[in-house]
Amino acid sequence: MTEQELKILAQQLSNPEGETGKEVAKMMNETNISMTKESIKALYLTDNESILELGHGNAGHLSYLLDFAENIQYTGLEISETMKSEAESLNSKYLSQANFQLYDGNKIPFENESFDKVMTVNTIYFWENPVEFFNEIYRVLKKDGSFVLTFAKKDFMKNLPFTADFKLYNYEDVEELVAQTNFKRMIRSDKEEWITSKTGTFVKREYKVLTIKK
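Residues numbered from 1 in each chain as written. Predicted model: local features only at pLDDT ≥ 70, side-chain atom pairs only at ≥ 80, totals over all residues. Heavy atoms only, no water.

An unreviewed UniProt entry lists the chain under the name Methyltransferase domain-containing protein, with Epilithonimonas zeae given as the organism.

### Quick look at the UniProt feature "domain: Methyltransferase type" (unreviewed entry) in the chain
Cut-off, in case you're wondering: UniProt positions are given in the numbering used here, feature names are shortened, and annotations may be inferred rather than shown by experiment. In this description a helix means any DSSP run of H or I spanning at least four residues, a strand means any run of E spanning at least two, and both kinds are numbered starting from the N terminus.
In the numbering adopted here, UniProt assigns the feature "domain: Methyltransferase type" (unreviewed entry) to residues 52–149. As a span, residues 52–149 carries 27% helix and 31% strand, and end to end its C-alpha atoms are 12 Å apart.

### Observations regarding the pairing of strand β2 (residues 73–78)
Put simply, the test is: Burial classes: relative accessible area under 20% of the type maximum marks a residue as buried, over 50% as exposed, and values in between as partly exposed (1.4 Å probe, protein chains only). Pairing between two strands requires that DSSP report at least two bridges joining them.
A large share of β2 lies buried, amounting to five of its six residues. Examined bridge by bridge, strand β1 (residues 50–54) and β2 share five bridges and lie parallel to one another. Along β2, the bridge assignment pairs Ser 50 with Gln 73. Judged from the five bridges that link them, β2 and strand β3 (residues 98–102) form a sheet pairing that is parallel. When the sheet's bridge partners are listed, Tyr 74 is paired in β3 with Ala 98.

### Concerning the pairing of β1
The element β1 is largely enclosed, with a buried count of five among its five residues. In β1, alternate side chains face the same way, and those of Ser 50, Leu 52 and Leu 54 on one face and Ile 51 and Glu 53 on the other are all buried. In this structure, β1 lies alongside strand β4 (residues 115–121), joined through three bridges in parallel fashion. Residue pairing in the sheet places Glu 53 in a bridge with Met 119 of β4.

### Examining the side chain of Lys 213
The test is simple: When charges are counted, Lys and Arg contribute as positive and Asp and Glu as negative, whereas His and the chain ends are disregarded. Salt bridge, as used here, is a side-chain nitrogen of Lys or Arg placed within 4 Å of a carboxyl oxygen of Asp or Glu. We call two residues in contact when some of their heavy atoms are within 4.5 Å.
Note that Lys 213 resides in strand β7 (residues 202–213). Although Lys 213 is buried, it makes no salt bridge; Asp 144 carries the closest opposite charge, 7.1 Å away. In contact with Lys 213, not counting residues within four places along its chain, are Asp 144, Gly 145, Ser 146, Phe 183, Lys 184 and Arg 185.

### Let's talk about unusual backbone geometry
Positive phi outside glycine occurs at Ala 59, with the angle close to 55°. The topology assignment puts Ala 59 in the loop between β1 and α3 (62–66). The buried category is assigned to Ala 59, whose relative accessible area is 0%. In the Ramachandran plot, Asp 144 falls in the positive-phi region, its phi being about 70° despite a non-glycine side chain. Judged by relative accessible area, Asp 144 falls into the exposed class, the value being 59%.

### Focus: the pattern of salt bridges
Applying the stated rule across the entire model yields 12 salt bridges. As a salt-bridge pair, Lys 41 and Glu 38 come within 3.6 Å of each other at their nearest N and O atoms. A residue pair is termed a helical-turn pair when its members lie 3 or 4 positions apart in one helix, as Lys 41 and Glu 38 do in helix α2 (residues 18–43) at three residues. On the accessibility criterion, Lys 41 (39% relative accessible area) is partly exposed. Classification of Glu 38 as partly exposed rests on a relative accessible area of 22%. Measuring nitrogen to oxygen at the nearest pair gives 3.2 Å for the salt bridge that ties Lys 154 to Asp 173. One end of the pair, Lys 154, is in helix α6 (residues 154–157); the other, Asp 173, is in helix α7 (residues 171–178), and 19 residues separate them in sequence. You can call Asp 173 partly exposed: its relative accessible area is 26%. Each of Glu 38, Lys 41 and Lys 191 takes part in salt bridges that share partners, so that together they form one network.

### Quick word on the layout of surface pockets
To be explicit about the condition: Definitions used throughout: a 1 Å grid over protein atoms alone; a cavity as a set of points that fits a 1.4 Å probe which cannot get out; a pocket as an open set with protein on both sides within 12 Å along at least five of seven lines; a lining residue as one with an atom within 4 Å of a point. Grid points are joined across faces, edges and corners, and a volume is the space filled by probe spheres set on the points. When residue character is reported, Ala, Val, Leu, Ile, Met, Phe, Trp, Tyr, Cys and Pro are called nonpolar, Asp, Glu, Lys and Arg charged, and the others, Gly included, polar.
Size it by volume and the second largest pocket reaches roughly 170 Å³. Together, Glu 38, Lys 41, Ala 42, Tyr 44, Ile 187, Ser 189, Lys 191, Val 209 and Thr 211 line the second largest pocket. Secondary-structure elements contributing two or more residues to the lining of the second largest pocket are α2, β6 (185–196) and β7. In the lining of the second largest pocket, the residues fall into four nonpolar, two polar and three charged.

As structure tokens, then:
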């Protein structure tokens, strides 16, 4: 890929837009599906819980999530209008249980203690103010709620040609951030898998699934 193509890909990964954004979102859903499923498993969903996902993309995984328990109420937040409309289109039969909204990527537009669980996959690279955003997530979690944060390790991400403008993290970096927030404890799970990357090469991806508790 040319330098310009890599720059466009990086922009679309952070905020998919238009027809190109839809194609990138489809690719992201396919390449990230294992990470997403591991994140959903880590939520330990039970009946009647309310779930918030930050940066859901096209939400091609929603049916998988809803199958884990009865009467799950899902809310998805996106900065991308394209992804909101694509998620609604792909998941039209689930809209009695799912609600998709836009937000600015900084302030979560819900009352305190609105959700039992919160999850996000591969979005931390784009957070403008990580400590403040962690505390926003803490604010909207109910008492004893948990937040599942999944991300690929810095040592893997830094070798990809489109991540020059991403903020990359290893576990210790996130641990240091969380220590500055209102969250009390964190459970770490290390994962790895072989994938075809967004530029078409076959690579081993190491990633973290962190369950962060109030």
